[in-house]
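Topology and contacts: notes
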Amino acid sequence: MKISIIGTGYVGLVTGVCLAKKGHNVICVDRVESIINSINSGIAPIFEKHLEDLLLEVIRDKLTATSDVGYAVENSEVSIIAVGTPFSEGNIDLKNVKEAAYDIGVILKKKKDYHVVCVKSTVIPTTTDTMILKTLEEASGKKLGEFGLVMNPEFLREGNAVEDFMNPDRIIIGAMDDKSFEVFSKIYKSHFDAPIVKTNSRTAEMIKYTSNALLAALISFSNEIAAISEEIGDTDALEVLEGVHMDRRLSLIVEGKITMPGIIKYLKPSRGFGGSCFPKDVKSLIAFSEKLGYKPKILKSVIEVNESQIERLVLKLKDEIGEIRDKTIAILGLAFKAGTDDIRESQSIKLIRRLIKEGAVLKCYDPIAIENAKKELEEQANLEFYSNYENTLLNADAALIMTDWDTIANISIDVFKKLMKNPVIIDGCRILIKNNIKEQKTKYRGIGLRMIEK
Ligand code: UDX
């Protein structure tokens, strides 16, 4: 099929490159010339595993980038809106989505062939069948039926986005009518081996929010169990939750062997969630629900527990080293999770801001997110960045693990002991092997674990 994609961020570009790889002809549209030039030269403007390799395979033959929306819509059968929905003042800003719909509508006015518009950006339920439909109808002077409209949410994890797109677990298509569904689903039919769920647009929008809200809730649930386990002492929440994972209703027993579904990963104590999706999606769902007249209780607690994780880390640090002012603290990991250079809503960045206020001297390590972190944090004398963990740990009074990178998980306890002034390790990701930590004469505090001196 001939497909145009408006917006070349994580979602738009991954979608475009993967659909091109599946044999479709894709035109990517963006307003920013440098992004277009980069894509057309086969250089991925964002860091995402496998993206650039695939881009090089499809560029020119199957995928091109342009700033000309008119050209892209005229030369395609389907337009996918994948622009950003920034979060401001407790709500997502739908301005970009509306503008993209308007731009497409203007071209549809002149276009004779049937064209389907797809909303892929995460939008609050009812957006597609109210605001987007109205904008398209006004800009095109046509009625639904003369063009098609669907909502097709993405479920792409940063760092795994290409694999997730190529091997989806489900394809949700919220269609405004049967014809929109029939035409749009051709993109996926016979190209992808996953169930296609046909529903209406608001259900599709709600499926996306509910998926992320559930995963975020599992993390906050785990962190509440972690907090209680810390109060008990000598009770490791990691082991508690591993014991819970083994329930056959969570981990199926197949041919006598226990399976560990991906969702189990979210039932784990941690420094809390970040990224461009979970915090924004849960907060938007709360705000939207309140507008409708229902005050969510669980969702509010999900955010509250997550936000309190930073304070809990600071308390652990104070417990171990006392006054924070002028102490040298090593921060291991800046990205919101391993596998990405993205620092949006990263718990690590929030912790850094908090420790700067306390007067700490910070040495920060990340394998790939340093440039983004430098852009985010103002330059200051007591904040330094290192691309190797050895220099970061040198002479530190304490180390806090904030991103689950393998390079960090593989640091041996001996290295911490050799390089640090004082081997206090606070593991916000529970990635260090905790065996023999006590015997190793290291002060180790993991989220969900407070050992009692006997
Ligand atoms: C998420 C969803 O997984 C994806 O389906 C959706 O479409 C977009 O949002 P992403 O934000 O890339 O993807 O990250 P994900 O891997 O789900 O992790 C989100 C956050 O939760 C990260 O900060 C991660 O470190 C944190 N997390 C994850 C935990 O704190 N503990 C865990 O056990 C798992």
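Before reading on, note that the structure itself is shown above.
Below you will find a few notes about this structure. (Residues numbered from 1 in each chain as written. Predicted model: local features only at pLDDT ≥ 70, side-chain atom pairs only at ≥ 80, totals over all residues. Heavy atoms only, no water.)

**Examining helix α5 (residues 95–110)**
In an α-helix, one turn spans 3.6 residues; hence positions three or four apart end up facing the same way. Short version of the rule: Secondary structure follows DSSP: runs of H or I at least 4 residues long count as helices, runs of E at least 2 residues long count as strands, and numbering of each begins at the N terminus. For a helix, the expected span equals 1.5 Å multiplied by the residue count minus one. The classification of residues rests on relative accessible area computed with a 1.4 Å probe and restricted to protein chains. Under 20% of the type maximum is buried, over 50% is exposed, and intermediate values are partly exposed. Think of it as the arc spanned by the lines of direction from the helix axis to the C-beta atoms. Residues are treated as being in contact if the distance between any of their heavy atoms lies within 4.5 Å.
Across its 16 residues, α5 extends 24 Å between first and last C-alpha, which sits within 8% of the 22 Å expected from 1.5 Å per residue. For α5, every residue scored as buried is listed here: Val97, Ala100, Ala101, Ile104, Gly105, Ile107 and Leu108. Down the axis of α5, the buried side of the element spans an arc of 165°, and every buried residue falls inside it. Structural note: α5 exposes Lys109 and Lys110 on the side pointing more than 90 degrees away from its buried face. Turning to α5, the residues buried within the fold contact β1 (2–6), α4 (69–74), β4 (78–81), β7 (116–119) and α6 (128–140).

**Details of the site of the ligand**
Note the threshold: Here a residue is considered near a molecule or strand provided that any single heavy atom belonging to it is located within 4 Å of it. Any N or O atom pair separated by 3.5 Å or less is treated as a polar contact, with the protein-specific requirement of one donor-capable and one acceptor-capable atom, and with residues adjacent in sequence counted only for side-chain atom pairs. Only the protein chains shown count as cover for residues, with accessible areas throughout obtained via the Shrake-Rupley method and a probe of 1.4 Å.
Near the ligand, the surroundings consist of 21 residues, among which Glu158, Lys265, Tyr266, Ser270 and Lys337 are the closest. Between glutamate 158 and the ligand, the recorded distance is 2.7 Å, taken from a backbone N or O atom to an oxygen atom. Within the side chain of lysine 208, an N or O atom sits 2.9 Å from an oxygen atom of the ligand. In the complex, the protein chains occlude 94% of the 670 Å² of accessible area that the ligand would expose alone.

**Quick notes on the nonpolar core**
This is how the line gets drawn: For the purposes of this section, nonpolar cores are sets of buried Ala, Val, Leu, Ile, Met, Phe, Trp, Tyr and Cys residues that join through side-chain atoms within 4.5 Å.
In terms of nonpolar packing, the biggest core is built from 54 residues, with Ile329, Ile331, Leu332, Leu355, Leu362 and Leu393 touching the most fellow members. Not counting chain neighbours up to four residues away, the residues in contact with leucine 355 comprise Val314, Leu317, Ile324, Ile329, Ile331, Ala360, Leu362 and Leu400. Val119, Phe147, Leu149 and Leu218 belong to the second-largest nonpolar core, a separate cluster that totals 48 residues.

**Some remarks on the environment of glutamate 99**
When you line up the elements, glutamate 99 lands in helix α5. On the basis of relative accessibility, which here comes to 29%, the residue glutamate 99 falls in the partly exposed class.

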